[in-house]
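Chain by chain, the residues:
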Amino acid sequence: METICSCGSVLHLQLCQLTLAHSAPLVIHHVPVIHCDQCNHSEVYSAVKETLYHVLAPSQVKDASELDFEAYSECARYLMLSASDSIPLDQCIDDFCDRMDDLLDLLGFAMSSNDQEWSEDIQRRLREIHVIVQTVHHFS
């Protein structure tokens, strides 16, 4: 999951902590961020932006002062599980495809249970994984 920064250096995907000035300070742990060590440019990984917006919705935040992003994000969850390992890109794609299969099975169950909220959560997770797989395929 590497790409090249505008300064010519390799960008790295890493987990970071975001502190936001919400109605009260909100700390979000384990947010995937693209970072350049040379020019110090950082930005939230594009594949997780929709999920981050979802997490920041008033119905999700409520009175929370801290959130663990891996509970909402498939990318953050994957990076947390593989934090100590170096994973080849083709293995990463296989892992995400396996996770998509699991989520599709869950989506079928959620839809047959008429659980709209659960179905929407699974669909958001599937969209995130789709973007991640497209990104990895583009750079591999």
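Residues numbered from 1 in each chain as written. Predicted model: local features only at pLDDT ≥ 70, side-chain atom pairs only at ≥ 80, totals over all residues. Heavy atoms only, no water.

Participant: What should I look at first to understand the nonpolar core in this one?
Facilitator: As a rule of thumb, soluble globular proteins bury nonpolar side chains together. Counting 34 residues, the largest nonpolar core has Val 31, Tyr 45, Phe 69, Cys 75 and Phe 96 as its most contacted members. When contributions to this core are tallied by element, the ones reaching two or more residues are β2 (10–21), β3 (25–36), α1 (49–55), α3 (74–81), α4 (89–112) and α5 (116–139). (Core = buried A, V, L, I, M, F, W, Y, C linked by side-chain atoms within 4.5 Å. Buried < 20%, exposed > 50% of the residue type's maximum accessible area, 1.4 Å probe, protein only. Helix = DSSP H or I, 4+ residues; strand = E, 2+ residues; numbered from the N terminus.)

Participant: Just checking my understanding: could you explain the packing of aromatic side chains for this structure?
Facilitator: Any aromatic ring pair is given by two values, namely how distant the centres are and how the planes are angled relative to each other. A complete count under the given rule lists two aromatic pairs for this structure. Aromatic side chains Tyr 78 and Phe 96 sit 4.6 Å apart centroid to centroid with 40 degrees between the ring planes, which places their arrangement in the tilted category. Taken together, the positions of Tyr 78 in helix α3 and Phe 96 in helix α4 put the pair 18 residues apart, joining distant regions of the chain. Judged on exposure class, the residue Tyr 78 and its partner Phe 96 are both buried. Between Phe 109 and Trp 118, the aromatic rings sit 5.8 Å apart at their centres with planes inclined by 80 degrees, giving edge-to-face as the arrangement. Look at Trp 118 and you get partly exposed, because its relative accessible area is 30%. (Phe/Tyr/Trp six-rings, centres within 6.5 Å; stacked < 30°, edge-to-face > 60°.)

Participant: Just checking my understanding: could you explain a negative patch on the surface for this structure?
Facilitator: Among the surface-exposed residues, Asp 94, Asp 98, Asp 101, Asp 102 and Asp 105 lie close enough to one another that they form a single negatively charged patch. You can see Asp 94 is positioned in helix α4. With relative accessibility at 43%, the residue Asp 94 sits in the partly exposed group. (Patch = residues over 30% accessible without salt bridge, like charges linked within 9 Å, V, L, I, M, F, W, Y side chains within 5 Å. Areas by Shrake-Rupley, 256 points an atom, 1.4 Å probe, with all protein chains shown as cover. Salt bridge = Lys/Arg side-chain N within 4 Å of Asp/Glu carboxyl O. Lys, Arg positive; Asp, Glu negative; His and termini not counted. Charge placed at Lys NZ, Arg CZ, Asp CG, Glu CD.)

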